[in-house]
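# Structure assessment
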Amino acid sequence: MTFTDSIRTCFTKYADFKGCASLSEFWWWVLFTIVTNLLLGVFSDALSMLFSLATLVPGIAVTARRLHDTNRSGWLQLLVLVPIIGWILLIVWCVQDRKEPNRYCADAQEEVSA
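Description of the structure in this document. Numbers given for residues are sequential positions, taken from 1 along each chain in its written order. Only residues with pLDDT of 70 or above have their local features reported here, since the model is predicted, and side-chain atom pairs are shown and tallied only from 80 upward, although totals for entire chains, interfaces and linings are computed over all residues. Just so you know, side-chain values use all the structure's heavy atoms and leave hydrogens and water out.

### Regarding the overall build of the protein chain
In plain terms, the rule: A run of H or I in DSSP counts as a helix once it spans at least four residues, and a run of E counts as a strand once it spans at least two, with each numbered from the N terminus. Here the radius of gyration uses the C-alpha set of atoms, whereas the globule reference equals 2.2 Å times the residue count to the power 0.38. Each residue is placed in one exposure class: buried if its accessible area under a 1.4 Å probe, protein chains only, is under 20% of its type's maximum, exposed if it is over 50%, and partly exposed if it falls in between.
Scanning the protein chain from terminus to terminus reveals six helices and zero strands. Relative to the compact-globule value of 13 Å for 114 residues, the protein chain shows a C-alpha radius of gyration of 14 Å, a close match. Referenced to the eigenvectors of the C-alpha coordinate spread, the extents of the protein chain come out at roughly 45 × 30 × 20 Å. Looking at the protein chain as a whole, 35% of its 114 residues qualify as buried.

### A few points about the environment of leucine 53
Its place among the elements puts leucine 53 in helix α3 (residues 45-54). In this structure the C-alpha to C-alpha distance between leucine 53 and glutamate 25, which are 28 residues apart in sequence, comes to 20 Å.

### Considering the state of the cysteines
Keep this limit in mind: Two cysteine sulfur atoms form a disulfide, by the criterion used here, when they sit within 2.5 Å.
Applying the stated criterion across every chain yields a total of one disulfide. Two residues, cysteine 20 and cysteine 105, share a disulfide whose sulfurs are 1.2 Å apart. Of this pair, cysteine 20 sits in the loop between α1 (3-12) and α2 (23-43) while cysteine 105 sits in the loop between α5 (85-95) and α6 (108-113), and the two are 85 residues apart along the sequence. Here cysteine 20 falls in the buried class, since its relative accessible area comes to 2%. Take cysteine 10: it sits in no disulfide, and the sulfur closest to it among the cysteines is that of cysteine 94, at 12 Å. You can call cysteine 94 buried: its relative accessible area is 2%.

Okay, here's the thing in structure tokens:
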């Protein structure tokens, strides 16, 4: 999935917590939000804050779909509230490849091509 495809997908599936997100979809989204936040922060803290709020729900949704791709519940992203250990676990899980068989992605091959 290309950069623009992943950003378009994440905004299209704004609050879609079902299904799976590929590695590229997730990491392109992370790169987009970090870089855009940094650039907006240079100009205005208010713009950066508005962008963060606007991308909060799609960020949570794509993380849930990424965890689904590794055959884990999206609720596990609540571990981000546990300092250091929770963050490390979440990053490790998000960099893992797709797990098969997968209870969250009925047709895993279709999710990759979509």
